[in-house]
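# Structural description and commentary
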Amino acid sequence: MTSTPTRLRKAVFPVAGLGTRVLPGTKTTPKELLNVVDRPILSYIVEEAREAGIEHIVFVTGRSKEAIEDYFDHQIELEAQLEAKGKTEILAAMNAELARPGEMSFTRQMQPKGLGHAVWCARDIIGHEPFAVVLPDVIVDGKPGALKQLVEVYAETGGNLIGVESVDIEQAHKYGIVDPAVREGNRIAMKGMVEKPAPGTAPSNLSIAGRYILQPEIFDLLATQERGAGNEIQLTDAMARLMRTQTFTAVEYAGVTHDCGDKIGLLRANVALALKRPDLGEAARQAVSALL
């Protein structure tokens, strides 16, 4: 009889990156706090994690990222002004995003050694339990959210899960790519993965899309992981080692992915999500049409 998987409670948000692909906009503003319509990118990601049942978010930060912690704290003067002016809807929306007691922790990645190293920096806070990793510059527009879709599969399968989406095979060399074995619906048993394969060598067109559920044994492997692509400690390399002893399932989630760490991706996210807003959609459509 298969045992019930340990409940997923925690998620790691690696937010130490410099956001070089969207400079100069990130010179003084963390890329995670760049706006999509009228909310920071990170607001959408935290909302997704909460929907998935995450109780504790671990932000792995870097220098000049203090604004992220401030965003989820009270702004006393601003709140007082909104209340005095009767702007209750805006005040309620702001208060809904505040960190709940004990919900958020912040730890530093002192050197930019890659995603794998950033995840490893959260090891003492995560402890010996499964956890999610959510890339905080990737918005997935889906109902339910991408992470909840993974959590629903995890409740049945346990093990390690990776969110994936189909990409043009000609573009596969730009991504981490899954090597699939057996597919059942949107679930794909994995036999391997490769980070940014050379053009023409990708084992599939299923790209790793910034949502993971991992078992804590990954931390021991990350501690000894050698540098890989980009001369960085790659999470995919450690996952490939863990796959020798544990199961990995790729889940092709339903939703539209917006890479907001890229200038055009950020622009697309703003337009796409504005068009879907009941309060802004028609005005946004007219504004975009007028420019075309």
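A brief structural summary. (Residues numbered from 1 in each chain as written. Predicted model: local features only at pLDDT ≥ 70, side-chain atom pairs only at ≥ 80, totals over all residues. Heavy atoms only, no water.)

### With respect to the nonpolar core
For the record, the criterion: Among the buried residues, those of types Ala, Val, Leu, Ile, Met, Phe, Trp, Tyr and Cys that are joined through side-chain atoms within 4.5 Å form a nonpolar core. Summary of the burial criterion: residues with accessible area below 20% of their type's maximum are buried, those above 50% are exposed, and those between are partly exposed, where the area comes from a 1.4 Å probe applied to protein chains only. Runs of E in the DSSP output that reach at least two residues are strands. Runs of H or I that reach at least four are helices, and both are numbered from the N terminus. By definition in these notes, contact holds between two residues if any of their heavy atoms fall within 4.5 Å.
By size, the foremost hydrophobic cluster in this structure holds 38 residues, and its most contacted members are Phe 131, Ile 162, Tyr 212, Leu 214, Ile 218, Met 239 and Phe 248. Among the elements that take part in this core, strand β11 (residues 206–214) stands out by supplying 5 residues, more than any other. Setting aside anything within four residues of it in sequence, one finds Ile 162 in contact with Leu 150, Met 190, Met 193, Ile 208, Arg 211, Tyr 212, Met 239, Phe 248, Thr 249, Ala 250 and Val 251. By size, the runner-up hydrophobic cluster in this structure holds 36 residues, among which are Phe 13, Leu 34, Ile 41 and Ala 52.

### Topic: the packing of aromatic side chains
So the rule is basically this: Any two of the Phe, Tyr and Trp rings considered here, Trp counted by its six-membered ring, make a pair once their centres fall within 6.5 Å; the pair's planes then place it as stacked at under 30 degrees, edge-to-face at over 60, or tilted in between.
All told, the structure shown has 5 aromatic pairs when counted by the stated rule. Relative to Phe 106, the ring of Phe 59 has its centre 4.9 Å away and its plane inclined at 10 degrees; by these criteria the two rings are stacked. Of the two residues, Phe 59 sits in strand β4 (residues 56–61) while Phe 106 sits in strand β5 (residues 104–108), which places them 47 residues apart along the sequence. Measuring from centroid to centroid gives 4.9 Å for Phe 131 and Phe 219, while their planes differ by 10 degrees, and the two rings are stacked. Pair noted here: Phe 131 is in strand β6 (residues 131–134) and Phe 219 is in helix α8 (residues 218–223), with a separation of 88 residues, a long-range link. Of the residues examined, Phe 219 reaches a relative accessible area of 7% and is grouped as buried.

### Considering the pairing of β6
Rule in force here: Strand pairing requires that DSSP identify at least two bridges connecting the strands.
What you see with β6 is no split at all: Phe 131 and Val 133 on one side and Ala 132 and Val 134 on the other are buried throughout. In this sheet, β6 lies alongside strand β1 (residues 10–14) in parallel orientation, the contact comprising 3 bridges. Counted as the bridge partner of Lys 10 is Phe 131 from β6. In this structure, β6 lies alongside β11, joined through 4 bridges in antiparallel fashion. In the strand pairing of β11, Val 134 is matched with Arg 211.

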